[in-house]
Amino acid sequence: MNDVVNPDSYENLAISESENGLYVLSLNRPTKRNALDLATIEELIRFFSGARMAGVKAVVLAGKGDHFCAGLDLVEHWKADRSAGDFMHVCLRWHEAFNKMEYGGVPIIAALQGAVVGGGLELASAAHLRVIDSSTYFALPEGQRGIFTGGGATIRVSDMIGKYRMIDMVLTGRVYQGQEAVDLGLAQYIVDEGTSFDKAMELAKKVAQNLPLTNFAICSAVSHMNNMSGMDAAYAEAFVGGIVNTQPAARERLEAFANKTAARVRPND
């Protein structure tokens, strides 16, 4: 087994292969509400640095226990009594992990329950799809803790909900949940029955059926293009489209469409 997906090589992440190429990656510190210590961040970097090359087609990201993630392990941070320079490098490792997720080209579907707070929201925002249930709540309580975001909230969360809503969350500790959270853009799916995990697995199985190169483009190129000027993004999109849309593996699917044997796109019931 490739060491990247070998569950025995991780301590803070629980890893299992659900089916061919579809993996469940769970934060495994339930007694800490899955708070992110530096060791967990390093394991996230290792997994997502090698996931695509290890044949991972899609990932369901979850948390063991009642909560997805309560954010930065504040007890570890307090005990470490880090210098400004030391903590800056901790933040850079968080960015390394979350950039590997967002730009790595492997679809990540986050199954969210309970607390998605502080750094937990920053982690969830690095996934490509987010599913919530009735227990899920989002918050950025850094203002009340006397600290500042350091894992990308100013980038990803403000991109999802807008700069001033993100500022409001940090300043006041405002909590979002339910349909309001979906309407704001913190998640794309909400389940009224069943669990967020079940829905995330359903979505992961669907996207894992896409061609790997197509998924790679969707889950990396879109983010890159959003960092570019309009003219540069248009050029890059044409370049990526030229490669992906002429891949040999797509010929069979295009033939099925041409022969009217492919599944049709229909409105929802």
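Residues numbered from 1 in each chain as written. Predicted model: local features only at pLDDT ≥ 70, side-chain atom pairs only at ≥ 80, totals over all residues. Heavy atoms only, no water.

**Some details on the overall build of the protein**
Our working rule: In this description a helix means any DSSP run of H or I spanning at least four residues, a strand means any run of E spanning at least two, and both kinds are numbered starting from the N terminus. For a compact globule the rule gives 2.2 Å times the number of residues to the power 0.38, and the radius of gyration it is set against comes from C-alpha atoms. Remark: exposure states derive from per-residue accessible area (1.4 Å probe, protein chains only) relative to the maximum for the residue type, with buried under 20%, exposed over 50%, and partly exposed in between. The Shrake-Rupley method, run with a 1.4 Å probe, gives the accessible areas here. Residue values count only the displayed protein chains as cover. Note that His is not counted, nor are the chain ends; the positive residues are Lys and Arg, and the negative ones are Asp and Glu. Where a charge lies is defined by one atom per residue type, namely NZ (Lys), CZ (Arg), CG (Asp) and CD (Glu).
Regarding its fold elements, the protein presents 12 helices and 9 strands. Relative to the compact-globule value of 18 Å for 269 residues, the protein shows a C-alpha radius of gyration of 19 Å, a close match. Across its three principal axes, the protein shows a C-alpha extent of roughly 65 × 45 × 40 Å. Going through the 269 residues of the protein one by one, you find that 47% of them count as buried. Carbon and sulfur atoms provide 53% of the accessible area of the protein, an area that totals close to 14,400 Å². Averaged over its 25 positive side-chain charges, the protein has a centre that lies 4 Å from the centre of its 31 negative ones.

**Remarks on the pairing of strand 3 (residues 58-63)**
What counts, and what does not: For two strands to be treated as a pair, DSSP must find at least two bridges joining them. By definition, the crossover connecting two strands over a helix is right-handed if that path, from the first strand to the second, turns clockwise as seen with the strands pointing away from the viewer.
In terms of residue burial, strand 3 counts as a mostly covered element, since 6 of its 6 residues are buried. The two faces of strand 3 match: Ala58, Val60 and Ala62 on one face and Val59, Leu61 and Gly63 on the other face are all buried. Where strand 2 (residues 22-27) and strand 3 come together, 6 bridges link them in parallel fashion. Each residue of the ladder has a partner; that of Leu27, found in strand 3, is Gly63. Of the crossover connections in this fold, the one passing from strand 2 over helix 1 (residues 38-50) to the parallel strand 3 is right-handed. Relative to strand 4 (residues 108-112), strand 3 runs parallel, the two sharing 3 bridges. Following the sheet pairing, Val59 is matched in strand 4 by Ile108.

**Looking at the sheet that holds strand 8 (residues 176-177)**
The strand order across the open sheet formed by 3 strands is 5-7-8, and the pairing between neighbours is mixed. At either end of the open sheet lies a strand with only one pairing partner, and these are strand 5 (115-117) and strand 8. As paired elements, strand 5 and strand 7 (residues 137-139) share 3 bridges and run parallel to each other. Within the sheet, the bridge partner assigned to Val116 lies in strand 7 and is Phe138.

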